[in-house]
Structure formats: structure tokens, C-alpha cells
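If you want the building blocks of each chain, they are given just below.
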Amino acid sequence: DAGVSLGVVIGGLLIFFTGWTWVDPVISLVIVLVITLGTWSLLKDSFYLSMDAVPKQINLKEVENYLKTLDGVHEVHDLHIWAMSTTETALSAHLVLDNYPADNKFVESINKKLFKDFNIEHPTLQFELISEANNCGNCASG
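About the criteria used
- Residues numbered from 1 in each chain as written.
- Predicted model: local features only at pLDDT ≥ 70, side-chain atom pairs only at ≥ 80, totals over all residues.
- Heavy atoms only, no water.
- Pairing = 2+ DSSP bridges.
- Helix = DSSP H or I, 4+ residues; strand = E, 2+ residues; numbered from the N terminus.
- Axes fitted to C-alpha atoms, helices over the stretch in contact; angles between N-to-C directions.
- Contact = heavy atoms within 4.5 Å.
- Parallel < 35°, antiparallel > 145°, perpendicular 65-115°, else oblique.
- Left-handed = near helix turned anticlockwise from the far one by under 90°.
- pLDDT = per-residue confidence, 0-100.

(A) Region of the structure containing the sheet that holds strand S3 (residues 122-129). A sheet is described by the order of its strands in space; here 3 strands give the open sequence S1-S2-S3, paired in mixed fashion. Edge positions in the sheet fall to strand S1 (73-83) and S3, since each of these pairs with one other strand and no more. Averaged over all pairs of adjacent strands, the angle between their axes in this sheet comes to 15 degrees, without regard to strand direction. Bridge count between strand S2 (residues 89-97) and S3: 8 bridges; the pairing is parallel. Bridge pairing in S3 links His-94 to Gln-126. Its contacts with the sheet place helix H3 (residues 60-68) against S1 and S2, and it is angled at close to 145 degrees to S1.

(B) The packing of H3 against helix H4 (residues 105-118), seen in detail. Viewed as axis vectors pointing N to C, H3 and H4 meet at an angle of 155 degrees, and their least axial separation amounts to 12 Å. What the angle tells us is that H3 and H4 run roughly antiparallel. As for how H3 packs across H4, the hand of that crossing is right-handed. The segment H3 lies against H4, with Glu-62, Val-63, Tyr-66 and Leu-67 engaging Ser-109, Ile-110, Lys-113, Leu-114 and Phe-118.

(C) Structural view of the confidence of the model for the protein chain. Residues of the protein chain with pLDDT of at least 70 account for 92%, and the chain-wide mean is 87. At the level of individual helices and strands, the protein chain shows its lowest average pLDDT in helix H5 (residues 130-136), which scores 68, and its highest in H3, which scores 96.

This is the structure we're talking about:
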């Protein structure tokens with residue numbers, strides 16, 4: 001901000017003392033360039049956030065591989081990872097299992113690992129039994 005203000009003052013002084021009115025649009029373009037370069041990463045991050053893109057620090061394939069290696073998991077589908085803000089990440093996934101977990105320990109261990117290794121704070125998991133998944137094909141479409 002101070003640099004922009006200084007540029008405006010210098011431009012004003014140049015115009016005042018020399019009469020070079022062309023200095024005003026040139027300084028305006030320089031200020032636009034400085035602001036654009038200074039905020040480019042913010043613009044990119046905002047675009048990715050608005051597009052619900054997988055945050056660049058998260059490897060989707062690694063998360064999918066982790067979920068596939070869990071005991072009793074036969075398949076992972078409908079896996080989505082997106083940024084909820086610049087600091088919070090969410091995940092939703094369907095896990096096809098042999099049996100439904102008897103308690104929340106399975107879910108809690110997944111949530112802890114997703115947070116610790118991938119910085120995913122808001123996982124939502126849907127469990128499907130392998131027998132149901134085989135009988136219905138793609139139940140989401142029907």
C-alpha cells in the first residue's frame with residue numbers, strides 16, 4: 001500500500017512540474033501490474049477453492065490407496081476431497097466392507113489417520129456391505 005501511495009505521489013509531482021499527463025496512465029498500469037503480481041497466488045487459491053478442487057498439498061491417489069488398505073475394505077468409490085476454506089479440508093467416500101464396524105473405533109482410527117497424514121479434518125464415510133454392493137451394481141444411479 002505504501003509503495004502504491006508513493007507511486008501516486010511521484011506521478012502527481014511529475015505531472016505538476018513537467019505537465020506530462022501521460023505519466024498518470026503509465027503509473028496506473030504499473031500499479032495494476034504490482035497488485036496483480038502481489039495477489040496472483042491468492043487469485044489462484046480462490047479459483048481452486050471455488051471449483052472444489054483437491055487441495056494441491058493432498059495427493060488423491062495416496063488417500064485412496066490408504067483407504068483401500070484398511071482391513072475389511074474391498075473397494076473405495078465416490079471419493080471426493082475438497083477445501084472448505086484455506087485451512088480446512090473435507091473428504092467423502094464410500095467404503096465397501098465385509099461387515100459393518102461393531103463400534104466407532106474403526107471410524108475414529110480412519111479419521112485420526114486422515115488428519116495426521118493428510119490434514120483432512122472433515123471426513124464423511126459411507127459404509128456399504130460387499131453383498132449389497134454386488135447385488136445393486138451402482139445403487140447411486142437407481
